[in-house]
Amino acid sequence: MAGAVVIGAGPGIGQAVGRRFAREGLPVGVVARTDATAGAAAEAVLRAGGGGAVAARTADSTDEAALRAALDGLAQELGPPDVLVYNAALIRPDTVGELSAREHLDAWAVNVVGALTAAAHVAPGMAGRGRGTVLVTGGMPDPKPAYVSLSLGKAGVRALVTLLDQTYGASGVHAASVTVDGPVAPGTAFDPDVIAEHYWRLHTQPREAWEHEVVHRG
């Protein structure tokens, strides 16, 4: 059974999405920047039950070679994924003119280019099989002057989803973003387990009902 890969599998949305797919019995691969985070995510997903295999890899989403190698390793262990979730982001407050060009490029590399690298690596295989889902965690439905780099990145994510749909949608690949309009915290209207339901629903949508952006407003 083809499963899901979650990039950016931290203790919030990333782990919650992994657990949600695991409960359906799907194999789940998790990718995080550190061994500790990746290991904790794998343990949390495994505890969620469902009986599917769980595997972890370590990679920085801005390191193209490492990210591609992690995806290849997970595909070899679990099979080619039917679902790719990109949840990595560099979240920090910054205003116009505050960051250097280098700092903006670093933020863009995490927020957008990593998603492009991952999608470009797995979506052609999905298209060849005639099915697949690429989901990206979005945010900032309206740009905020206190979060310039993140606002730019999340606008880039929405554009990327459109481009992925235009490129692979006709071949059966569903590209969509889940835009989270608020701070993620357990026990609130932005509980990660609640948000994770959007990812599962998007993956299981029939083709004639595909949505390309869901905004979670709490």
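All values reported here derive from a predicted model rather than from experimental measurement. (Residues numbered from 1 in each chain as written. Predicted model: local features only at pLDDT ≥ 70, side-chain atom pairs only at ≥ 80, totals over all residues. Heavy atoms only, no water.)

A.B. asks: Please provide a residue-by-residue account of a nonpolar patch on the surface, values included.
C.D. replies: A contiguous nonpolar patch, built from Trp108, Val113 and Leu152 and spanning about 260 Å² of accessible area, is present on the exposed surface. Its location among the elements puts Trp108 in helix H4 (residues 101–129). Since its relative accessible area comes to 36%, Trp108 is described here as partly exposed. (Patch = residues over 30% accessible without salt bridge, like charges linked within 9 Å, V, L, I, M, F, W, Y side chains within 5 Å. Areas by Shrake-Rupley, 256 points an atom, 1.4 Å probe, with all protein chains shown as cover. Salt bridge = Lys/Arg side-chain N within 4 Å of Asp/Glu carboxyl O. Helix = DSSP H or I, 4+ residues; strand = E, 2+ residues; numbered from the N terminus. Buried < 20%, exposed > 50% of the residue type's maximum accessible area, 1.4 Å probe, protein only.)

A.B. asks: Explain the packing of helix H1 (residues 13–22) against helix H6 (residues 192–204) to me, and be specific about the residues and the numbers.
C.D. replies: Two elements in contact, H1 and H6, have axes whose closest approach is 8 Å; the angle formed by their N-to-C orientations is 55°. Classified by the angle between their axes, H1 and H6 sit oblique to one another. Taken as a pair, H1 and H6 cross one another with a handedness that is right-handed. Facing H1, whose interface residues are Ile13, Ala16, Val17, Arg19, Arg20 and Phe21, H6 presents Pro192, Asp193, Ile195, Ala196, Glu197, Tyr199, Trp200 and His203. By residue class, the composition of the contact of H1 with H6 is 9 nonpolar, 1 polar and 4 charged. (Axes fitted to C-alpha atoms, helices over the stretch in contact; angles between N-to-C directions. Parallel < 35°, antiparallel > 145°, perpendicular 65-115°, else oblique. Left-handed = near helix turned anticlockwise from the far one by under 90°. Contact = heavy atoms within 4.5 Å. Nonpolar A, V, L, I, M, F, W, Y, C, P; charged D, E, K, R; others polar.)

A.B. asks: I'd like a rundown of H6, residues and numbers included.
C.D. replies: Taking 1.5 Å per residue as the helical rise, H6 with its 13 residues ought to reach 18 Å, and the 19 Å between its terminal C-alpha atoms agrees with that figure. Along H6, the positions that sit buried rather than exposed are Pro192, Ile195, Ala196, His198, Tyr199, Trp200 and Leu202. Taken together, the buried residues of H6 touch H1, strand E4 (83–86), strand E5 (132–139), strand E6 (173–180) and strand E7 (213–216). Capping the start of H6 is the job of one residue whose side-chain oxygen sits 2.8 Å from the backbone nitrogen of Asp193: Asp191. (Expected span 1.5 Å × (residues − 1). Polar contact = N/O pair within 3.5 Å; in protein donor to acceptor, adjacent residues only side chain to side chain.)

A.B. asks: I'd like a description of the packing of H1 against helix H2 (residues 35–47), backed by residues and values.
C.D. replies: At a minimum axis separation of 8 Å, H1 and H2 run at an interaxial angle of 35°. Regarding H1 and H2, the two cross each other, and that crossing is right-handed. Across the interface between the two elements, Gln15, Gly18, Arg19 and Ala22 of H1 pack against Ala40, Ala41, Ala44 and Val45 of H2. Looking at side-chain class alone, the contact of H1 with H2 contains 5 nonpolar, 2 polar and 1 charged residues.

A.B. asks: Could you give an account of the nonpolar core, with specific residues and numbers?
C.D. replies: The biggest cluster of nonpolar side chains holds 30 residues, and the ones touching the most others in it are Ile7, Leu71 and Leu84. Only strand E1 (4–7), helix H3 (64–78), E4, H4, E5, helix H5 (148–168) and E6 provide two or more residues apiece to this core. Sort the elements by how many residues they give to this core and H4 lands first, with 8 residues. Filtering out sequence-adjacent residues up to four positions away, Leu84 remains in contact with Val5, Ile7, Leu71, Ala118, Ala119, Val122, Met126, Thr133, Val134 and Leu135. Grouped together as the second largest cluster of nonpolar side chains are 27 residues, Val28, Ala176, Val178 and Leu202 included. (Core = buried A, V, L, I, M, F, W, Y, C linked by side-chain atoms within 4.5 Å.)

By themselves, these figures tell us nothing about what the structure is for.
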